[in-house]
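Listed below are the residues making up each chain.
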Amino acid sequence: MVTKRSSVDPIVAPSSPNVGVRAAEKRGYAVSMDQHDRPGPRASGNGPARPGQGGLAVAERRRWERWRLRVSTTLDLIRANPTGRIALKIFISIAGALVVTLGIALIPLPGPGWLLVIAGLGIWAVEYHWARRLLGFTRRHVHSWTQWVKVQSLAVRVVLGSVGLVFVAAVLWLSLKYSLGIDLVARIMHYLATH
């Protein structure tokens, strides 16, 4: 039996066996083990704790790693079955599309529009390599932008913040004007003229 390689590589601790793959092989499914191109950290206790981290942070990291291993194992079990692989891909596609669509609809309004778009990309990244690459690209650029802004002077940060606020206000005004027919500027000017 020939199986297609999954579009998502498992995250496995180097010392622990991959339970999902073993269970799939026991059921007679062939599972590809040559999945080495997944970017990002592995789910393992990689190295000693950083200075300043307490026991609580280490315990929280271990809990997160166990959770990631469980999710990875569950996804491996689902992907081991051809029907499960198709059902998972359909579910991930629909869930990601709904979250991205909702995020795009909320972008002009104040709120978590871009955050929902990125969350939808994260959902798609579970199953699609292009979404994983786009999510990595977004993370890298947001991180580099944040680092660049942190080293700028206070005056530059104030100007950048002001430009951002003006942009959000303009998007809000235009979206209200052209989607709901409410012209806030005209109403404010009318209110100021009559009072």
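Novice: Can you walk me through the overall build of the protein in this structure?
Specialist: For the protein, the helix and strand inventory stands at 7 helices and 0 strands. When the helices and strands of the protein are listed from N to C terminus, the series reads α-α-α-α-α-α-α. Buried positions account for 23% of the 195 residues belonging to the protein. Pairs at least 24 residues apart make up 61% of the contacts formed inside the protein by residues separated by at least 6 positions. Carbon and sulfur atoms provide 70% of the accessible area of the protein, an area that totals close to 13,700 Å².

Novice: Any chance you could explain the packing of helix α4 (residues 113-125) against helix α5 (residues 129-150) here in plain terms?
Specialist: Each pair of packed helices can be described by the angle between their axes along with the distance between the axes. Look at α4 against α5: their axes get within 7 Å of each other, and the N-to-C directions meet at 140°. Considering their axes alone, α4 and α5 lie oblique with respect to each other. Considering only the axes of α4 and α5, their crossing is left-handed. Contact with α4, carried on its side by Ile118, Leu121, Gly122, Trp124 and Ala125, involves Trp130, Ala131, Arg132, Leu134, Leu135 and Thr138 of α5 and no other residues of that element. For the contact of α4 with α5, the class distribution of residues is 8 nonpolar, 2 polar and 1 charged.

Novice: Which parts of the structure should I look at to understand the pattern of salt bridges?
Specialist: Where side chains of opposite charge bring their charged atoms close, a pairing between them can arise. This model, assessed by the stated rule, comprises 2 salt bridges. In this structure, the salt-bridge partner of Glu60 is Arg63, at a minimum N-O distance of 2.8 Å. Of this pair, Glu60 and Arg63 are both found in helix α2 (residues 55-80), 3 residues apart, which corresponds to roughly one turn of the helix. Of the residues examined, Arg63 reaches a relative accessible area of 46% and is grouped as partly exposed. Residues Glu127 and Arg79 are paired through a salt bridge, measuring 3.2 Å at the closest nitrogen-oxygen approach. Here Arg79 lies in helix α2 and Glu127 lies in the loop between α4 and α5, a separation of 48 residues in the sequence.

Novice: Help me understand the packing of helix α3 (residues 82-106) against α4 in this model?
Specialist: Viewed as axis vectors pointing N to C, α3 and α4 meet at an angle of 165°, and their least axial separation amounts to 7 Å. Our classification of the angle between α3 and α4 gives roughly antiparallel. Once α3 is placed against α4, the crossing between them reads as left-handed. Residue-level contacts link Ile92, Ser93, Ala95, Gly96, Ala97, Val99, Val100, Leu102, Gly103, Ile104 and Leu106 of α3 to Gly113, Leu116, Val117, Ala119, Gly120, Leu121, Ile123 and Trp124 of α4. Looking at the contact of α3 with α4 residue by residue, the class counts come to 14 nonpolar, 5 polar and no charged.

Novice: Looking at this structure, how should I read the packing of aromatic side chains?
Specialist: The geometry of an aromatic ring pair is captured by two quantities: the separation of the ring centres and the angle between the planes. Summed over the entire model, instances satisfying the criterion amount to 4 aromatic pairs. Here Tyr128 and Trp130 contribute two aromatic rings whose centre-to-centre distance is 6.1 Å and whose plane-to-plane angle is 35°, an arrangement assigned as tilted. Cluster of aromatic residues (ring-pair linked, three or more members): Trp124, Tyr128 and Trp130.

Novice: Mind showing me how you'd approach a nonpolar patch on the surface here?
Specialist: Residues Leu184, Val185, Ile188, Met189, Tyr191 and Leu192 make up a contiguous nonpolar surface patch of about 610 Å² in total accessible area. Here Val185 is to be found in helix α7 (residues 184-194).

Novice: Explanation requested: the confidence of the model for the protein in the structure shown.
Specialist: Close reading of the predicted structure is inappropriate where its pLDDT is low. Per-chain confidence: the protein averages 76 in pLDDT, with 69% of residues scoring 70 or above. Predicted confidence is poor over residues 7-16, with pLDDT under 50, and the contacts of this stretch with residues over four places away or in other chains come to 38 contacts. For residues 35-49, every residue scores under 50 in pLDDT, and the model assigns this stretch 31 contacts once sequence neighbours within four places are set aside.

Novice: Can you walk me through the nonpolar core in this structure?
Specialist: It is characteristic of soluble globular proteins that their nonpolar side chains tend to be buried jointly. Counting 10 residues, the largest nonpolar core consists of Leu75, Leu88, Ile92, Val100, Leu121, Trp124, Ala125, Tyr128, Ala131 and Leu135. Breaking this core down by element, the ones donating at least two residues are α3, α4 and α5.

Novice: Looking at this structure, how should I read α4?
Specialist: Three- or four-residue spacings in an α-helix give side chains the same orientation, since the helix completes a turn every 3.6 residues. Along its 13 residues, α4 runs 18 Å from first to last C-alpha, staying within 8% of the 18 Å computed at 1.5 Å per residue. Restricting attention to buried positions, one finds in α4 the residues Gly113, Val117, Gly120, Leu121, Trp124 and Ala125. Buried residues of α4, seen end-on, are gathered within an arc of 145° and therefore sit on one face of the element. The inward-facing, buried residues of α4 abut α3 and α5.

Calculation criteria
- Residues numbered from 1 in each chain as written.
- Predicted model: local features only at pLDDT ≥ 70, side-chain atom pairs only at ≥ 80, totals over all residues.
- Heavy atoms only, no water.
- Helix = DSSP H or I, 4+ residues; strand = E, 2+ residues; numbered from the N terminus.
- Buried < 20%, exposed > 50% of the residue type's maximum accessible area, 1.4 Å probe, protein only.
- Contact = heavy atoms within 4.5 Å.
- Areas by Shrake-Rupley, 256 points an atom, 1.4 Å probe, with all protein chains shown as cover.
- Axes fitted to C-alpha atoms, helices over the stretch in contact; angles between N-to-C directions.
- Parallel < 35°, antiparallel > 145°, perpendicular 65-115°, else oblique.
- Left-handed = near helix turned anticlockwise from the far one by under 90°.
- Nonpolar A, V, L, I, M, F, W, Y, C, P; charged D, E, K, R; others polar.
- Salt bridge = Lys/Arg side-chain N within 4 Å of Asp/Glu carboxyl O.
- Phe/Tyr/Trp six-rings, centres within 6.5 Å; stacked < 30°, edge-to-face > 60°.
- Patch = residues over 30% accessible without salt bridge, like charges linked within 9 Å, V, L, I, M, F, W, Y side chains within 5 Å.
- pLDDT = per-residue confidence, 0-100.
- Core = buried A, V, L, I, M, F, W, Y, C linked by side-chain atoms within 4.5 Å.
- Expected span 1.5 Å × (residues − 1).
- Arc of directions from axis to C-beta.

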